[in-house]
Every structure is written in C-alpha cells, then in structure tokens.
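In case you want the letters, here they are:
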Amino acid sequence: MIDPRIYETFREIGEDLYAADMISSHGGNLSIRLGDRVIIKRRGAMLGRLKPHDLIETRLDKNDSGVVLASTELLVHRAIYLNTPALAVCHCHPRTAVAFSLSRDEIVPIDNEASYLLKKIPVVTEEFASGTPQMANKVAEAVKNYKIIMLRGHGSFATGQTLDEAFMWSTILEEACQIILAAKTINEPFKEYRAMSEAYSKF
Amino acid sequence: MVRPYGRWIMPNLRKVAGTKEVAITGASVGAVVTELVKRYPALAANLLLDGQIRPHVIITVNGHSTDDVDAPVTEFDVVSIFPPLAGG
Amino acid sequence: MNGWNGKILEIDLATLTHKSYPLDMEMAKQFIGGRGLGARLLWDLVGPEVEPLSPENVLIFTNGPLTGTGYQTSNRFSVTTKSPLTGTVLDANSGGYWGMQFKKTGYDVLIVRGKAQKPVWIEVKNGEVAFHDASALWGMRVFAVTEKLGQDNNKRNVLCIGPAGENLSRIAAIMNDRERAAARGGPGAVMGSKNLKAIVVEGSTRPEVMDKERYKFLMYETKKLLAASPLTSQALPEFGTVVLMNIMNNIGALATRNHQQTQFEGAEAISGEELTEKYLVKNQACWACPIGCTRISKTEKVEGEGPEFESTWAFGAQCGIDDLPAIIEVNALCNDLGLDTISAGSTIACAMELSEKGYLDSDLRFGRADQLALAVEAMAYRRDIGAELADGSLRLATKYGHPELSMTSKGLEFPAYDPRGLQGQGLLYATSNRGGCHMRGNMIGLEVLGLPKLIDRFQVQGKSSFVILNQNSNAAIDSLVLCKFTNMGVADEYFARVLSAVTGVEYATGDMIKTGERVWNLERLYNNREGFTAQNDTLPPRLLTEAPTDGPSKGWVSKLEPMLKEYYRTRGWDENGVPTPKKLAELGLAELAEASYR
Ligand code: SF4
C-alpha cells in the first residue's frame with residue numbers, strides 16, 4: 001500500500017509538470033527510492049492526471065510482480081538509484097532546454113538563480129531509446145556528478161533527496177534556457193555581473 | 001493563538017509583538033501569518049520575502065511542522081513561528 | 001597528487017621512539033583521510049583481542065587532503081581509536097586550529113602506540129619530534145596546560161587531556177586549542193592510559209593545491225553560498241546552536257529528565273534566546289571559517305566557549321535544570337577537566353533517576369542545579385559518587401541492576417533529540433557505529449528544519465534511505481575533514497569538486513558519497529569483528545515501549561523494528577546486520593570480507 005502522502009506529492013508534481021509545458025500527455029516520469037524499493041509511474045499512465053493506482057512499487061535490485069506494470073523507463077531510474085545517492089528522480093521534456101541540447105554540449109545559464117545553483121548542465125548523447133541499458137548507464141553516470149543533466153534531443157534527468165527537489169532543478173533549468181533564448185532575441189551586448197563566471201563551464 | 005519565538009534579525013519578533021502570545025483569528029496558517037504581519041507591520045521584513053513566507057522560517061501547528069500555508073487552523077490551535085534555525 | 005603530505009608519523013611511547021614512513025596512496029584515495037583513513041588503519045592495527053585501555057590500543061590522529069588549504073572550515077582533525085566506553089570503532093573530530101597546524105608539520109597521520117613509563121608530552125615541530133617529561137603537568141587542568149605549553153592560535157597549538165583523561169574516565173575528551181573537544185566515546189581515557197598528557201604541533205609546510213584556478217573558483221562560490229544562506233550567515237552566528245532548544249521543545253522531541261518526558265517546562269529559561277540576551281559576550285570562529293558559530297558566554301564566575309545546544313540540554317532539560325548560569329559554569333568546568341558534556345550530563349541524569357527510584361543511594365535529584373559542578377568534579381577525579389559516574393551511564397545503571405535506565409545505544413549517551421518524536425533519528429541512534437550519536441548523520445534537517453525539504457517525522461516507511469544517505473554523506477565529510485555546518489549552506493557536490501581540485505584525483509559527487517558508504521561499511525565490519533551484531537542496533541526499552549503521555553509526540557514510541565529491517569536490506573546487509581560479500585565487493589572491501597566472517 002503506497003502511503004497517501006507519497007501519492008499526493010507525485011500527483012501535485014505531475015500536474016505541475018504538465019501545466020508548465022514540461023511534458024506531453026504521456027511523457028516524462030517521476031520516481032522515488034524507498035529503502036530497497038522504487039515507486040514509479042505505471043506504464044502508460046498520464047503524469048498530469050495521476051490516480052492512486054497509477055503508482056507502482058517494485059524492487060530496486062531485481063524484478064518482482066510490480067515490474068510488468070512499471071514504466072519502461074524503470075531501467076534508467078534503477079540505474080540512477082544503484083549508482084548514485086539520489087532518492088528521487090524527475091525526468092521531463094523541458095522544451096527550450098531540449099532545443100538547446102541539439103546544438104550544445106553543455107548549457108551554461110546566464111541568470112542569477114541557475115548560475116548559483118546549477119553552474120552548468122552537461123548534455124549527453126545516446127541514440128538508443130529509453131528503456132535500453134545503454135541509455136540507462138549513460139544517464140546514471142552523468143548524474144553522479146550533476147544534479148541535472150540533458151539527454152540530447154530527449155529531455156532532462158534531475159535527482160534529489162525528495163521529488164520536490166528534483167522538480168525544482170528541472171524548472172530552474174527550463175527557466176534558465178528561456179532566459180538565454182530571450183537574451184538572444186534581444187541580442188544586445190551581455191554585461192557580465194558574475195565574478196569568475198568563465199569557470200562555470202569547468203564546474 | 002500565535003507564538004513567535006526567537007531573537008530575530010532586527011527587529012526582534014517578540015519585542016515587536018511585545019508579548020509571547022498573540023490571539024489571532026484566521027482559517028489557515030497563511031491567513032494567520034498575513035494577519036500577524038498586518039497587525040505588526042515591522043514583522044514583514046522578517047517573515048516575508050516577495051510576499052511569501054521566507055525560506056527557512058519554521059512554522060508549527062500544535063508542535064507539528066508544516067510547510068503548507070493552506071493548512072487549516074482553528075481557534076484551539078497554537079501556531080508557533082521560528083526564525084531560521086541551524087545546528088545539531 | 002597533492003593535498004596529502006603522503007607521510008605517516010608513528011610514535012612508540014614504550015620506547016620513546018618514532019619513525020616516519022609513506023602513506024599508502026591507494027589507501028588514501030579510497031578512504032580520503034580523517035575518519036575514513038583512521039578506520040582503515042585501525043582495522044589493521046587493533047584487533048578484537050585488544051583492551052581499549054591497554055598499551056596495545058592506538059590513537060590515530062588524521063587530517064585530510066583539504067586540511068590546512070584554507071578552504072572554508074578546513075581546520076579539523078580526527079582521532080580514531082577503539083572506544084573504552086563502547087568497545088566499538090571510535091572516531092571523534094574537532095575544529096579550532098590544531099588540525100591545520102598538524103597538517104603543516106608535514107604529516108597526514110600520527111599514530112601513537114604503547115604506554116610511556118611516566119607522564120610525557122610530545123612536541124612535533126615540522127619533521128622533528130621531541131619527548132618531554134610531563135610529571136609537572138600531570139594533574140593540571142586543560143586551560144592551564146594549554147597556556148603553559150605555549151598555545152598560539154596560528155603558530156603553535158596544544159592538544160591535551162585533563163584530569164578526567166588521566167583518571168581514565170571512559171567519558172573523557174581530548175581537548176585542543178583550549179576549549180575544542182574531540183569529545184565522544186572516551187578518547188581522553190585512551191590518551192591517559194598511555195601516560196600522554198599533550199601533543200603540541202608547530203609547522204610551516206603549507207599544503208599544495210593541484211588545480212589552483214579551479215580551487216580559487218570553488219572557494220569563491222562557497223563563500224557566496226555561505227553568505228547567501230540564512231542558516232550559515234545568520235542563524236548559526238547570531239543564535240548559535242542553542243536556538244534549537246525552543247523548537248525541539250515545541251515539537252515534543254526534547255528529551256527531559258532522562259527521557260521520562262519529551263517536553264521541558266523550563267526550556268525557555270535555557271534557550272538560545274535567553275543565552276544570547278543575557279550571557280553572550282561575542283562570537284568566535286575556527287581557522288578559515290566565515291561562519292563563526294562559536295559563542296563566548298560569561299557569568300559572574302566564568303567566561304568561556306559555548307555552551308552548545310547539546311551541552312545546554314544535557315545539563316539542562318535532561319537533568320530537569322533550568323538554571324542557565326549553572327549550566328554555563330558546568331560546561332566550562334567540563335572543558336577544563338576534559339569531559340564529554342553530553343555523556344557527563346546524561347550520566348548525572350541517569351544517576352538522578354536511579355536515586356529518585358531508590359536504586360542508588362545518593363542525594364542527586366532532578367532539578368538540583370547546585371549538584372552539577374560537584375558531580376562533575378567528582379567524576380573527573382573519581383571521588384565519592386564520582387567514581388560511580390566516571391564510566392558513563394550504562395556501567396552505572398548496570399551496576400545498580402537497572403541497565404534499562406541508561407539512555408544509550410551501544411553504551412554511548414544520546415544527544416537531545418528524543419527519537420519517539422523523530423523516527424528517523426531513532427534509526428540513526430540505533431545504527432550509529434560509535435553508538436547513540438547525532439554526528440554520524442542527523443535527521444533534524446529533514447524531520448524538523450525542512451532542509452532541503454520537510455519529511456514527516458513520524459513516517460516510518462522509506463526512512464532508511466534518508467538515514468543511509470545522511471550517514472554516508474557525513475562519513476565522507478568527516479573524511480575530508482570539514483565542519484558539518486558548512487553543509488547547511490553548501491551542497492556535497494562542492495566538496496567533491498574541491499577535493500578533486502586539491503588532489504588532482506577526480507571524485508564525482510557520487511564517488512565521494514560512495515567513499516562515505518565504504519567508510520561506513522568498514523566501520524561496521526570492525527564492529528562485527530568485535531562481536532557486535534544486529535542485537536546491538538537497538539534503543540533503550542523506554543524509547544521502544546513507553547509513549548509520552550502528552551505533547552505533540554504523545555502516543556508515539558520508536559518503531560525501530562520495521563525501520564531496521566528496511567535499513568539492513570537497503571544497506572545490502574544480511575539479517576544479522578553484516579555486510580554481504582556482494583556489497584563488500586562493490587565497495588572494494590572484498591579482501592576484508594573473509595575477516596568479517598571469521
Ligand atoms: S561553523 Fe563553527 S564549529 Fe564549524 S568551523 Fe566554523 S566556527 Fe568552527
């Protein structure tokens with residue numbers, strides 16, 4: 001039985017992700033680690049409209065009865081939990097960030113909040129689709145060192161101790177990308193206000 | 001009932017309120033804080049940031065921490081407000 | 001590779017000789033330094049046959065690759081030994097200046113073995129080691145010895161024991177820079193058992209940093225983060241740690257009168273607000289620390305560091321005492337005598353309950369502030385009732401037939417947080433490798449303060465993951481060695497990066513936390529080898545069966561059993577709390593696996 005408080009958090013964040021245009025109707029995924037177990041969205045469920053039965057609990061290290069119902073992305077979430085200290089994962093498709101991931105190997109924010117909190121977001125490439133071990137390993141390796149990363153042309157993976165935290169990194173990333181885009185549109189000379197910002201890309 | 005605790009960054013919350021307890025009516029935690037600030041405007045700088053409750057300000061209702069401003073309260077509840085706390 | 005000096009200094013007190021040899025750099029990379037490296041060395045040096053207070057036990061002083069570099073709070077050292085209080089692996093760390101000065105002598109590790117025939121003190125000046133007769137210092141208190149041996153904050157630093165350590169009190173601390181303490185678990189008694197009064201360090205080798213540009217950048221960012229966080233820029237310096245008193249009381253998690261209650265009616269009188277208002281003189285900081293959480297307070301009789309929240313609680317709420325000046329004075333007295341304040345206060349509280357219930361014949365009673373200083377003095381000199389108290393509450397309560405009244409796990413007294421109102425904290429206490437302690441991981445951030453996000457303090461399911469993450473992260477920070485308060489404003493990823501910048505060895509954040517996990521598992525193996533099993537991962541019956549009858553934690557007991565089961569599984573340990581070979585292989589501890597099953 002999944003604690004109603006846990007369901008509430010999933011539901012709220014799922015709704016917010018959809019409302020913020022950060023996922024399509026069936027896209028994106030959320031999960032948390034509870035001890036040696038994972039709670040993740042059911043295969044085919046809509047994150048924006050989660051019902052209590054849309055959450056599946058399954059073992060972290062091997063398959064059990066829950067696994068057939070779980071989202072195909074379980075593999076990558078498991079890989080993250082097994083290889084990093086993460087206790088929550090938020091995967092979504094923030095549009096501006098995805099667009100930038102097509103041309104950049106890393107995204108370096110220019111706004112204050114994201115500069116502060118993220119410094120830079122690496123972009124990794126993996127053409128194998130979600131649900132493959134190749135992709136799972138690549139993503140898990142990248143989030144070992146960054147709170148949030150972009151998978152080129154696909155979306156972001158953010159980790160945290162709680163879902164709120166992982167969700168927060170995701171929205172900060174998208175906001176940062178929208179600001180970069182807006183600044184490009186304005187197209188006036190950039191006045192640097194951050195000391196040592198040239199080092200961000202080495203973070 | 002609201003109990004402000006702590007020696008806040010100037011001005012001192014308790015000193016401003018002049019008492020350890022203030023009786024306030026409000027249906028939710030948020031409403032109570034809003035009313036408190038209305039009554040003691042000097043508290044706004046301590047409690048609020050961009051109109052929202054400041055990060056790290058801790059609020060308990062009858063000794064149970066909450067981060068939900070919509071949490072309902074009744075006249076029998078005690079809301080306590082703490083400045084940012086650290087340590088351990 | 002930079003950061004490490006790459007050298008170990010080993011001293012044998014029996015022969016008053018010393019030697020120096022290279023630090024195994026593979027080992028250093030795997031365990032970093034501080035607590036981790038200490039545990040690894042102890043594993044080889046001190047087996048189950050060694051009595052903690054015998055000459056065969058060792059004291060291992062370690063610093064870390066960041067120590068002395070000037071990175072924020074890179075001032076600490078750590079001391080590792082087998083605890084005379086708990087019999088477990090013990091690591092205690094301490095701030096101030098001594099740690100950075102020790103690093104500047106050119107060594108990463110100082111191992112002290114054997115026992116001197118008569119009292120000595122050691123002087124390490126850069127590479128030079130000198131042994132001095134300490135007969136005249138024996139019996140002297142901490143402040144006097146520190147001054148006598150020439151304490152000079154940035155140049156020459158003194159670490160010593162007081163009368164409590166000399167008299168082998170199992171709750172004696174090692175003191176440095178006058179009032180800093182490596183307090184818990186009785187390291188002072190081990191030093192006393194070796195007839196070692198003090199270690200003075202002086203050095204001039206400044207540690208080299210590999211990637212200076214990156215290091216400078218990370219220092220700058222850390223400075224910004226510490227300044228921006230209201231916790232590290234305001235809460236800690238302005239209010240100190242004692243500010244936790246009111247909130248713990250408010251939520252019904254302030255252990256009171258030997259954990260008989262969870263709220264103390266006198267909490268306000270001993271709160272941080274009261275302390276700041278009436279007794280605070282100024283703030284102080286350890287070396288290279290912009291936070292400066294240390295507070296100097298003053299009463300009519302004394303002026304000194306502290307008291308910290310835990311000390312104020314131990315002599316306050318835990319003893320049912322609301323007399324703040326008396327608490328400030330007894331705190332200073334403990335520092336001067338070299339006693340762990342938490343264990344001292346809680347042991348007195350235990351004696352008070354034993355006496356009130358008629359099991360112990362003494363006039364100690366809850367609420368009697370006038371008895372504090374007397375009891376503490378007596379403890380340090382093993383006089384009168386003090387002889388009964390000097391070895392901690394578990395030995396005391398066991399002797400009088402009521403071990404259940406000792407508020408300890410594995411024999412180490414708990415800090416202030418009552419685990420009935422904080423389920424995760426209870427699991428922490430029960431599983432901590434050095435016994436009931438809040439510095440091996442602290443759930444207060446998550447369960448009370450909302451750092452980074454509030455989680456339900458009564459929730460049981462899933463708590464183990466938070467506890468484990470906390471324990472692993474703390475073990476990593478203790479191995480660097482940095483002050484845990486920086487972690488309130490700066491995330492782990494900065495520590496991993498600065499570690500990489502200083503050493504030139506790349507540690508991803510996840511790798512650093514993994515190192516913490518490795519350290520935790522090694523410590524666990526050590527305890528297993530000492531005979532500790534799942535049965536020792538427990539709490540006193542009071543916390544498991546007696547629910548508070550009022551306050552916000554009313555009706556709650558610690559639900560340890562289900563949390564513990566989940567904890568073992570999540571850790572990758574078997575039902576007996578022993579790391580599985582698979583887990584050990586994963587952590588690169590496979591070669592030790594065999595030993596754990598011996
Ligand atoms: S935060 Fe406090 S204990 Fe930590 S290093 Fe700074 S002054 Fe020392």
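These numbers come from a predicted model, not from an experiment. (Residues numbered from 1 in each chain as written. Chains lettered and ligands numbered in written order. Predicted model: local features only at pLDDT ≥ 70, side-chain atom pairs only at ≥ 80, totals over all residues. Heavy atoms only, no water.)

### As for the overall build of chain A
Helix and strand counts for chain A come out as 6 helices and 8 strands. Ordered by position from the N terminus, the helices and strands of chain A form the series α-β-β-β-α-β-α-β-α-β-α-β-β-α. Scaling as 2.2 N^0.38, a compact globule of 203 residues should have a C-alpha radius of gyration of about 17 Å, and chain A matches this with 17 Å. With respect to the three principal axes, the spread of C-alpha positions in chain A is 55 × 30 × 25 Å. Counting the 203 residues in chain A, one finds 56% classified as buried. Relative to all contacts within chain A whose residues are 6 or more apart in sequence, the contacts with residues 24 or more apart total 62%. Counting every atom, chain A has about 8,800 Å² of accessible surface; 54% of that belongs to carbon and sulfur. Separation of charge centres in chain A, based on 24 positive and 26 negative side chains, amounts to 4 Å. (Helix = DSSP H or I, 4+ residues; strand = E, 2+ residues; numbered from the N terminus. Rg over C-alpha atoms; globule rule 2.2 N^0.38 Å. Buried < 20%, exposed > 50% of the residue type's maximum accessible area, 1.4 Å probe, protein only. Contact = heavy atoms within 4.5 Å. Areas by Shrake-Rupley, 256 points an atom, 1.4 Å probe, with all protein chains shown as cover. Lys, Arg positive; Asp, Glu negative; His and termini not counted. Charge placed at Lys NZ, Arg CZ, Asp CG, Glu CD.)

### Description of the overall build of chain B
When its secondary structure is counted, chain B shows 3 helices and 6 strands. Order of helices (α) and strands (β) in chain B, N terminus to C terminus: β-α-α-α-β-β-β-β-β. Across the 88 residues that make up chain B, the buried fraction comes to 49%. For chain B, the exposed surface amounts to about 4,200 Å²; the carbon and sulfur share of it is 56%.

### With respect to the sheet that holds strand 9 (residues 156-160) of chain C
Residue and element names in this part refer to chain C. Read across the sheet, 6 strands follow the order 8-7-12-9-10-11 without closing on themselves; strand pairing throughout is mixed. At either margin of the open sheet sits one strand with a lone partner, and together these are strand 8 (128-133) and strand 11 (180-182). For this sheet, the mean inter-axis angle between neighbouring strands, taken without regard to orientation, is 20°. When strand 10 (residues 174-176) meets strand 11, the two strands line up antiparallel, connected through 3 bridges. Its bridge partner being in strand 11, Ile174 is matched across the sheet by Ala182. (Pairing = 2+ DSSP bridges. Axes fitted to C-alpha atoms, helices over the stretch in contact; angles between N-to-C directions.)

### Topic: helix 2 (residues 29-39) of chain B
Where helix 2 of chain B is concerned, the buried positions are Val29(B), Gly30(B), Val32(B), Val33(B), Leu36(B) and Val37(B). With its buried residues spanning 165° around the axis, helix 2 of chain B presents them on a single face. (Arc of directions from axis to C-beta.)

### A closer look at the site of the ligand
All names here are of chain C. Contacts to the ligand come from Thr73, Asn75, Arg180, Ala285, Cys286, Cys289, Ile291, Gly292, Cys293, Thr294, Cys483 and Phe485. According to the grid-proximity analysis, the pocket containing the ligand is the largest cavity. Broken down by class, the residue content of the shell around the ligand amounts to 7 nonpolar, 4 polar and 1 charged. In terms of domain composition, the shell around the ligand takes at least three residues from each of domain 1 (7-202) and domain 2 (236-413). (Near = heavy atom within 4 Å. 1 Å grid on protein atoms, 1.4 Å probe; cavity = no way out; pocket = protein on both sides within 12 Å on 5 of 7 lines; lining within 4 Å. Sits in = over half its atoms within 2 Å of the grid points. Nonpolar A, V, L, I, M, F, W, Y, C, P; charged D, E, K, R; others polar. Domains from an automatic or database assignment.)

### Quick word on unusual backbone geometry
Residues and elements named next belong to chain C. A cis amide bond links Gly306 with the next residue in sequence, Pro307, at an omega value of -5°. The residue Pro307 is located in the loop between strand 15 (303-305) and helix 11 (309-315) in this model. The linkage connecting Leu480 with the following residue, Val481, adopts the cis geometry, with an omega of -10°. Along the chain, Val481 falls in the loop between helix 19 (463-480) and helix 20 (492-503). For Leu16, which is not glycine, the phi dihedral falls at a positive 50°. Examined against the element boundaries, Leu16 turns out to sit in the loop between strand 1 (7-12) and strand 2 (17-22).

### Structural notes on the layout of surface pockets
Estimated volume of the second largest pocket: approximately 770 Å³. What lines the second largest pocket is a set of 31 residues, among which Arg33(A), Leu82(A), Thr570(C), Lys583(C) and Glu586(C) lie closest to the centre. Among the elements of the structure, helix 2 (74-83) of chain A together with helix 19, helix 21 (509-529), helix 23 (560-571) and helix 24 (581-586) of chain C are those that each provide at least two residues to the lining of the second largest pocket. Tallying contributions element by element places helix 21 of chain C first for the lining of the second largest pocket, with 5 residues. (Points joined across faces, edges and corners; volume = space filled by probe spheres on them.)

### A short note on the environment of Gly424(C)
All names here are of chain C. As for its placement among the helices and strands, Gly424 is situated in helix 17 (residues 423-431). Gly424 gets classed as buried once you look at its relative accessible area, which sits at 0%. Sequence separation between Gly424 and Glu268 is 156 residues, and the spatial gap between their C-alpha atoms is 26 Å. Once residues within four sequence positions are removed from consideration, Gly424 is found in contact with Met443, Glu447, Lys463 and Val467.

### Details of the sheet that holds strand 4 (residues 77-82) of chain C
Residues and elements named next belong to chain C. An order of 2-1-6-3-4-5 is seen for the 6 strands of this open sheet, with the pairing classed as mixed. For this open sheet the edge positions go to strand 2 and strand 5 (89-94), each flanked by a neighbour on one side alone. Ignoring which end each strand starts from, the neighbouring axes of this sheet average 20° apart. Relative to strand 6 (residues 109-113), strand 1 runs parallel, the two being bridged by 5 bridges. Pairing of Leu9 across the sheet is with Leu110, part of strand 6.

### Comments concerning the packing of aromatic side chains
Given two aromatic rings, their pairing is described by the distance between the two centres and the angle made by the two planes. Residue and element names in this part refer to chain C. Within this structure, the stated rule accounts for 13 aromatic pairs over all chains. Ring centres of Phe61 and Trp98 lie 5.7 Å apart, and the angle between their planes is 55°; on these two criteria the pair is classed as tilted. Pair noted here: Phe61 is in strand 3 (residues 59-62) and Trp98 is in helix 3 (residues 98-104), with a separation of 37 residues, a long-range link. Residues Phe61 and Trp98 agree in their burial class; the two are buried. (Phe/Tyr/Trp six-rings, centres within 6.5 Å; stacked < 30°, edge-to-face > 60°.)

### Points about helix 2 of chain A
Residue and element names in this part refer to chain A. Within helix 2, 7 of the 10 residues are buried, which leaves the element mostly enclosed by the surrounding structure. Within helix 2, the full set of buried residues consists of Leu74, Val76, His77, Arg78, Ala79, Ile80 and Tyr81. Of the surrounding elements, those touching the buried residues of helix 2 are strand 1 (29-34), strand 2 (37-41), strand 3 (55-59), strand 4 (88-92), helix 5 (133-143) and strand 8 (155-160).

### Examining the interface of chain B and chain C
Each partner contributes to the interface: chain B provides 25 residues, whereas chain C provides 32 residues. Roughly 2,500 Å² of surface becomes buried between chain B and chain C when both sides are summed, with 62% attributable to carbon and sulfur atoms. Across the contact surface, chain B and chain C share 0 salt bridges. Counting across the interface, chain B meets chain C through 5 residue pairs in polar contact (both at pLDDT 80 or more). Broken down by secondary-structure element, the contributors of at least two residues to the side of chain B that touches chain C are helix 1 (13-17), strand 4 (58-61), strand 5 (64-66) and strand 6 (79-82) of chain B. Here the side of chain B that touches chain C takes 3 residues from strand 5 of chain B, the largest share from any one element. (Buried area = accessible area lost by both parts, 1.4 Å probe. Salt bridge = Lys/Arg side-chain N within 4 Å of Asp/Glu carboxyl O. Polar contact = N/O pair within 3.5 Å; in protein donor to acceptor, adjacent residues only side chain to side chain.)

Shape descriptors only; they carry no functional weight alone.
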